[in-house]
2 protein chains.
Amino acid sequence: MSVFNFSAGPAVMPKPVIEQIQRDLPSLDNSGMSILEISHRSALFQNIIDEAVADLRDLLNIPANYHICFAQGGGTGQFAAVPLNLANNRRHIALLDSGTWAAKAGKEATRLGYQVTTLATTKDGKYRELPRLKQAIPADSFDYLHVTTNNTIEGTAYHTVPESEIPIVADMSSNFLGENYDITNFGLVFAGAQKNLGPAGVTVVIVREDLIQTAEAVPSIFDYQLAIDKGSMLNTPPTFAIYAAGLVLKWIKAEGGVTEMARRNQAKSDKLYDYLDESKLFNAPAFKPDRSYTNVVFSTNNDELDAVLVKEATAAGLMNLKGHRSVGGLRASLYNAMPMAGVDALIDFLYQFEQTHQEA
Amino acid sequence: MSVFNFSAGPAVMPKPVIEQIQRDLPSLDNSGMSILEISHRSALFQNIIDEAVADLRDLLNIPANYHICFAQGGGTGQFAAVPLNLANNRRHIALLDSGTWAAKAGKEATRLGYQVTTLATTKDGKYRELPRLKQAIPADSFDYLHVTTNNTIEGTAYHTVPESEIPIVADMSSNFLGENYDITNFGLVFAGAQKNLGPAGVTVVIVREDLIQTAEAVPSIFDYQLAIDKGSMLNTPPTFAIYAAGLVLKWIKAEGGVTEMARRNQAKSDKLYDYLDESKLFNAPAFKPDRSYTNVVFSTNNDELDAVLVKEATAAGLMNLKGHRSVGGLRASLYNAMPMAGVDALIDFLYQFEQTHQEA
C-alpha cells in the first residue's frame, strides 16, 4: 500500500534512507553485524557519530564555540535539562508562551524549583498568533529566554528570531532542519529527532560553550559538560537512532541543504494554505504571517465532519490528518521528507471532499 | 562475512529478529509506513507496546502489583531516577559494592544528595568475588538496598538474591532475561535493553506499586508515577527500540522462555569456563561460585598477548573479545542470542591460540 504520512511525529522519513537502513541491516559495512548489535565503543560507530556531528555542523553552519550532543529523553527531557544546566545564576527564566509545548517547558522549570516569568502570551487567543516581546529584556534579569520556534500543535512559527539581550533557548523540535535559522542567534537549541531528523529516541542539543554552568545535583545523563566531555557517550547512546539521523543528514546535504528544505517546505505549505484560504469548507486559523511551514492546522469547524474526513482520507492513503487531541480539528505535517506530490494528493482529496460535503 | 559477536553491549541479537526487522521495514503490517515513521499514538504502535508489556509480564511472571515501564537514559539514567523516586523517606540507601557499575550507582545517588552506605564491598580483591551481607539490615535503616545482579565488567553474578528485610533495587542490565529470578524478591528491577532485550535506546523498569513515592522536583521523564499513568508515553517513546525489544521477547517465548535461556547460558559459560580452567595459558579470575553466565572474563595475564589474541580473533570472525577498558584482558559475552556454535568456535580458536603461543 502506497501512502502519504502526514503524522506530526514520529513522521515520514526520506524513502532512500529507509531503503538504506533495510539494505544495511544484516551487515553494516560488511562487518557481519547489524547497526543494532555493534558496540558504541567500536571504530564503526565512532565514525557514524563523528560524521553525524560534522554533517550537522556543516548543514547549520554551527560555529566552533557551540557544542553538539546527542541526548535521550526528547524535548520533555530538555525542559528539565536546560534549566538544570543553564539557570543556576538567577534560577529565573523568561518564557514566550506561544503554545502548548512552550507552556509545558515553563511548567517543568517551575516543577524543578525555578522561577518562570511569562513575558508575553497568546493563550487567550488560542495561540492563533505568536506572542511578541513588547520591550527589551533587562540584561541581568533572567538566565535565558525560552522560545518554541515552531508550535507543532497550533501551527505557528517564528520566521524571524525574537530580539533578545539575554540568551535564547530554542525548542526547535518541529522545524529543526526544516527552516533556516542562524544558530548564533541562540544560546542553546534542542530538538527531538522524530520530525525532520529521524526516528524517535534521540535528541540533539546545540549549546554555546560559555553558557554551561557547573551543574550540581543534576542527573549525570542531563549534565551537558559530561555529555560534551564524553562525546555524547557517557553511557550507551541510542546507537540506531544516531545512525538513522546520520543518514537523514546526508540526505539533506545531497538534496541541497537546509535552505533548499526550507524553500520546499514553504512552497508546500503555501500551496496548501492557498487552497484552504480559498475554500469555503475549510478554515486555517493561524495568523497568516505566523503560519508554520511544517505543520498546517485546519478544520471544517465541524467535529463530526472532521472525523469523517480523517476516516475517508485514511481510506485514500492520506494518513494521520487528525489534529492534536488537545485542539481537535485537522493537521497536515509537511516535514522535509514529505514530497510535493503528497501535498497535491491532499489538496485533490480536500477538493473532492469539499465538493461532496459543502452542501451537507 | 559470517561472524560471532561477543560484544558486552550493544550485543548480538537473535538472527530471526534481525530478519523480521528487515522484512517489516518499508511497511509495517502493510500500513505503507515503517516502524520508524508511525505515530506513537497510533493503534499500530499501541498494540506493539501493549504486547511487549504483556509478553514481559508473562516471561518473568510479574505480579499485578508491579508496573512495567519503558524509559530512556539507560542504567545511568536509572541510577538517578531510582533514588529520586524511591529514597525520599530517609534519603539514605544501602549498597552492595560488587563492581564498577554498583559503585557508579552509589556515586550518582551521592551526587544527587542522597546518603549512601556501602554494606559490603569486594573492591580490594578487584571484585573477583561478590560481596555478601554479614548481618541483617535493620528494617527502618535505608530506603532500599542497591544490588547489581550481574557485573558485566568483572564477570560475576548473584545466582541467589541476597536476603534483605528492606526492598532490593536490582540493576539487572546484563543478565535480564538471561538468568531466572523471582521478581517478587525485588522492589524494583531495571535493565538497559542492549544486552538481552534489544537495541540500545530503551530501558525497562519494573517497580512494585507501594514503593513509589510522590516525587517532587524530579524531572518529569524520571517520574515513575507519570510514566505509569501515561503508559510509558508521557512524551514520544523510543518507538523502534520498543518494537525491536517486543520481537526479542516473542523470540524468547518461542524458544522456551527465560528458564531455557538460563539453561543455555549456563551450559555455554560452563563449557567455556571448563576449557579456560584446564588451559595452561588462560586464567578466568572470578571466584567459581560467583561466575557470571553471561559475561566470561579471562586473560593470558599478558597484555601484549591479549592484544594479539583480540587481533587474531577478529580476523577469524570472533568479534569484540577485548575486556572492558577499565580492567583490560579479555571478555566473551554469551547473551541469549549467542548460539553454542559461537562458544565452540571460540574454544577451538583459543585452543589453537594456546598451541601456538604457550611456548612463547
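For chain A, an unreviewed UniProt entry supplies the name Phosphoserine aminotransferase and the organism Secundilactobacillus oryzae JCM 18671. Within the UniProt record for chain A, the comment given under Function (unreviewed entry) is "Catalyzes the reversible conversion of 3-phosphohydroxypyruvate to phosphoserine and of 3-hydroxy-2-oxo-4-phosphonooxybutanoate to phosphohydroxythreonine."

Caption draft 1: Spotlight on the relation of the copies chain A and chain B. Aligned on chain B, chain A shows an RMSD of 0.0 Å; the corresponding rotation is 180 degrees and the shift along the axis is 0.0 Å. Expressed as an axis order, the relation between the two copies is that of a two-fold axis. Using C-alpha coordinates, one finds that chain A approaches the rotation axis most closely at A:Gln22, a distance of 2.7 Å.

Caption draft 2: Quick peek at the domain arrangement of chain A. Residue and element names in this part refer to chain A. Taken domain by domain, chain A consists of domain 1 (15-254) and domain 2 (257-357). Spacing between the C-alpha centres of domain 1 and domain 2 amounts to 26 Å. Each partner contributes to the interface: domain 1 provides 26 residues, whereas domain 2 provides 25 residues. Our count for the contact surface shared by domain 1 and domain 2 stands at one salt bridge. In this structure, Arg-132 and Asp-290 form a salt bridge, with 2.4 Å as the shortest nitrogen-oxygen distance. Looking at the side of domain 1 that touches domain 2, the elements with two or more residues in it are strand E7 (156-157) and helix H6 (239-255). Here the residues of the side of domain 1 that touches domain 2 are counted per class, giving eight nonpolar, 11 polar and seven charged.

Caption draft 3: Quick look at the environment of B:Ala200. Its place among the elements puts B:Ala200 in the loop between strand E9 (188-192) and strand E10 (203-208). By relative accessible area, B:Ala200 is classed as buried at 5%. With 120 residues separating them in the primary sequence, B:Ala200 and B:Ala80 have C-alpha atoms 19 Å apart. Filtering out sequence-adjacent residues up to four positions away, B:Ala200 remains in contact with A:Thr236, A:Pro237, A:Pro238, A:Thr239, B:Pro10, B:Gln194 and B:Ala241.

Caption draft 4: A look at the layout of surface pockets. The space that makes up the second largest pocket amounts to roughly 980 Å³. Around the second largest pocket, the lining is made up of 48 residues, and of these A:Gly9, A:Arg331, B:Ser39, B:His40 and B:Arg41 lie nearest the centre. Listed by contribution, the elements that provide at least two residues to the lining of the second largest pocket are helix H3 (74-86), helix H4 (100-111), strand E6 (150-151) and strand E13 (330-333) of chain A together with helix H2 (43-59) of chain B. Here the element with the most residues in the lining of the second largest pocket is H3(A); it accounts for four residues. Within the lining of the second largest pocket, the residues separate by chemical class into 14 nonpolar, 27 polar and seven charged.

The rules we used
Residues numbered from 1 in each chain as written. Chains lettered and ligands numbered in written order. Predicted model: local features only at pLDDT ≥ 70, side-chain atom pairs only at ≥ 80, totals over all residues. Heavy atoms only, no water. UniProt positions renumbered as here; feature names shortened; annotations may be inferred. Least-squares fit on C-alpha atoms with pLDDT ≥ 70 in both. Domains from an automatic or database assignment. Contact = heavy atoms within 4.5 Å. Salt bridge = Lys/Arg side-chain N within 4 Å of Asp/Glu carboxyl O. Helix = DSSP H or I, 4+ residues; strand = E, 2+ residues; numbered from the N terminus. Nonpolar A, V, L, I, M, F, W, Y, C, P; charged D, E, K, R; others polar. Buried < 20%, exposed > 50% of the residue type's maximum accessible area, 1.4 Å probe, protein only. 1 Å grid on protein atoms, 1.4 Å probe; cavity = no way out; pocket = protein on both sides within 12 Å on 5 of 7 lines; lining within 4 Å. Points joined across faces, edges and corners; volume = space filled by probe spheres on them.

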